[in-house]
Amino acid sequence: MAVAPPSYCFVAFPPRAKDGLVVFGKNSARPRDEVQEVVYFSAADHEPESKVECTYISVDQVPRTHAIVISRPAWLWGAEMGANEHGVCIANEAVSTREPAAEREALLGMDLVRLGLERGTTAKEALDVIVSLLQEHGQGGNYYEDASSCHSFQSAFLIVDREEAWVLETLGKFWAAERVTEGVKCISNQLSLTTKVDEEHPELRSYAQSQGWWTGEDEFNFSQVFSPADDHLDCCAGKDSLDKQEESITVQTMIDVLRDKASGVCIDSESFLTTASVASVLPQNRSLPCIHYFTGTPDPSRSIFKPFIFVDDVKLVPKTRSPCFGDDDPAKKEPRFQEKPDRRHELYKAHEWARSILESDQEQGQQLRKTMLELEKQGLEAMEEILSSSEPLDPAEVGDLFYDCVDTEIKFFK
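In the annotation of an unreviewed UniProt entry, the protein is listed under the name Secernin 1 and assigned to Oryctolagus cuniculus.

Below you can see the structure in the form of structure tokens.
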């Protein structure tokens, strides 16, 4: 398999983002045939000394985990991206560094996304969770459901809440992080931190010196020190797409950027595809709800972004959940990935029909796209009303919001 193409994560803060909203977005570029599911897990209490089984290893469980909604490759435990009930959003990027990533099975970057969401009530708390787990367990293992080769990477994260974002970049157990509170930030599949490092592993600089990567005399520039020699440090072409927006950035702006194939933000190549996308709106006014829009289907330019709001009684959505194979899952048995089961969920199957029509790009395809965008627009306008209303949110009205949107989409495709 070719080197992973750039996937992109974005955040925009007021005043670049509109009306006191923090806007977050992520495209997940993965192998073309990989299915992503959108799954909700309610908050839960756990027995003392219990363990949680991640993709490859188990780690100690905490007394309580927060409610989360995640988009994840259906074969693994973690998440490419997601949000929790406290308004924390996290997305992960696979990065290459001078330090080769471990093939030994440990925590995947995607496991750390989910663990951060389950355990952090703020972006900073989630960052602290991730770096302490990195220190204890390390990162490593195959990023793809592929028996023929181990594709292992280091990890970068964009961790966002209503107040701030943290860019966390890692190699092995070492890490550096930058706090962001204004403007636009984008991360991709290259290291992006330079001389502004707000927190770091206590031995990061001495490690760089011991490897001969930094003299200790020059200014410490994280990406220059740790990037592979052949990396071009133009990190985020995607940032240009967001920067050139003349008006205030809204969730619609973010969705448009995620759909942009010309800029390379939306991947559609021979081996890789944007297999799922998310856009989130986090109002800085805490009386307003955070709203998370998931596709649950490949190629955002041919998908519908559907809203999700956390309330106490969220209706589960089995139609975006892949079949469960339990202990017989080839991803759980060693040697791993000896076969690939059919992981398509009901929404994915319905959407395959739509993609085939849209790709033919004839009159029927154009009509279908127009209707899909109209469906999406209705959802966006209804959410706009919630954010601009002076009335408190009625949880009963939005508990089945995502369920209803998925149901409508499937009926429409049929």
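> What is the right way to read the overall build of the protein from this model?
Along the backbone of the protein there are 10 helices and 18 strands. Taking 414 residues into account, the globule formula puts the C-alpha radius of gyration at 22 Å, and the protein, at 20 Å, falls close to it. Seen along its three principal axes, the alpha-carbon backbone of the protein occupies a region of about 60 × 50 × 50 Å. Classification of the 414 residues of the protein by burial places 57% in the buried group. Within the protein, residue pairs in contact and separated by at least 24 positions form 69% of the contacts whose partners lie at least 6 positions apart. Entry remark: accessible area of the protein is about 17600 Å², with carbon and sulfur atoms responsible for 45%. Separation of charge centres in the protein, based on 42 positive and 72 negative side chains, amounts to 3 Å.

> I would appreciate a short explanation of the sheet that holds strand β3 (residues 36-41) in the present structure.
Pairing in this open sheet of 8 strands is antiparallel, and the strands run β3-β8-β9-β10-β11-β12-β13-β15 from one edge to the other. Strand pairing shows two members of the sheet lacking a second neighbour, β3 and β15 (199-200), which therefore form its edges. One ladder, built from 2 bridges, connects strand β13 (residues 174-180) with β15; its direction is antiparallel. Counted as the bridge partner of Ala 177 is Glu 199 from β15. Along the sheet face, helix α2 (residues 123-137) touches β10 (89-95), β11 (154-160), β12 (165-171), β13 and β15 and points at about 10° away from the line of β12.

> Explain the pattern of salt bridges to me, please; I cannot follow it from the model alone.
It is possible for side chains of opposite charge to pair when their charged atoms get near one another. Counted by the stated rule, this structure contains 35 salt bridges. The closest approach of N and O atoms between Lys 196 and Asp 198, which form a salt bridge, is 2.8 Å. Linked through salt bridges whose partners overlap, the residues forming this network are Arg 32, Lys 261, Asp 268, Asp 299, Arg 302 and Glu 359.

> Just to check I follow, could you spell out the sheet that holds strand β14 (residues 184-187) for this structure?
Working definition: the strands of a sheet are paired by backbone hydrogen bonds and lie parallel or antiparallel to each other. In space, the 6 strands of this open sheet follow the order β14-β1-β2-β16-β17-β18, with antiparallel pairing throughout. Every other strand in the sheet has two partners, leaving β14 and β18 (306-308) as the edge strands with one partner each. The mean inter-strand angle of the sheet, taken between neighbouring strand axes irrespective of direction, is 15°. Here strand β1 (residues 8-12) runs beside β14; their pairing, made up of 4 bridges, is antiparallel. When the sheet's bridge partners are listed, Cys 9 is paired in β14 with Ile 187. Contacting β2 (21-31), β16 (272-283), β17 (291-294) and β18, helix α8 (residues 363-388) runs over the sheet at an angle of about 170° to β17.

> Sorry, what's going on with the side chain of Arg 119 here?
Looking at where Arg 119 falls in the secondary structure, it is placed in helix α1 (residues 109-119). Of the buried charged residues, Arg 119 lacks a salt bridge, with Glu 118 as the closest side chain of opposite charge at 5.1 Å. Among the polar contacts made by the side chain of Arg 119, one reaches the main-chain carbonyl oxygen of Asp 60 at a distance of 2.9 Å. Contact partners of Arg 119, with chain neighbours within four places excluded, come to Val 52, Val 59, Asp 60, Gln 61, Val 62, His 66, Glu 125, Val 129 and Leu 133.

> Before we go on, may I ask you to explain the pairing of strand β8 (residues 68-73) in this structure?
Side-chain positions along a regular strand alternate between the two faces of the sheet. With respect to burial, β8 is a largely interior element, 6 of its 6 residues being buried. By the alternation rule, side chains of β8 split into Ile 68, Ile 70 and Arg 72 and Val 69, Ser 71 and Pro 73, which are all buried. Both β3 and β8 contribute to a ladder of 6 bridges, which runs antiparallel. Across the sheet, the residue bridging to Glu 37 is Arg 72, located in β8. The sheet contact formed by β8 and strand β9 (residues 81-84) spans 4 bridges and is antiparallel. Looking at the pairing, Val 69 lines up with Ala 83 of β9.

Here is what the cut-offs are and how they apply
- Residue indices follow the written sequence of each chain, beginning from 1 at its first position.
- Note on the predicted model: pLDDT of at least 70 is required for a residue's local features to be given, and 80 or more for side-chain atom pairs to be given and counted; whole-chain, interface and lining totals, by contrast, use all residues.
- By convention in this description, side-chain values take in all heavy atoms of the structure and omit both hydrogens and water.
- Helix numbering and strand numbering both begin at the N terminus, where a helix is a DSSP run of H or I of at least 4 residues and a strand a DSSP run of E of at least 2.
- Put simply, the radius of gyration uses C-alpha atoms, and a globule should come to 2.2 Å times the residue count raised to 0.38.
- Only protein chains enter the accessibility calculation, which uses a 1.4 Å probe. A residue is then buried if its area is under 20% of the maximum for its type, exposed if over 50%, and partly exposed in between.
- A contact between two residues is defined here by any heavy atoms of the two lying within 4.5 Å.
- In these tables, accessible area is a Shrake-Rupley quantity obtained with a 1.4 Å probe, and a residue counts as shielded only by the protein chains included in the view.
- As used throughout, the charge tally considers Lys and Arg to be positive and Asp and Glu to be negative, leaving His and the chain termini uncounted.
- For charged residues, the charge sits on one atom: NZ in Lys, CZ in Arg, CG in Asp, CD in Glu.
- For two strands to count as paired, DSSP must find a minimum of two bridges between them.
- Orientation is described by axes fitted as lines to C-alpha atoms, over the contacting stretch for helices, and by angles from 0 to 180 degrees between their N-to-C directions.
- Salt bridge criterion: a side-chain nitrogen from Lys or Arg within 4 Å of a carboxyl oxygen from Asp or Glu.
- Contacts described as polar in this section are N or O atom pairs within 3.5 Å, which, within protein, must combine one atom able to donate a hydrogen with one able to accept it, while residues neighboring in sequence count only if both atoms come from side chains.

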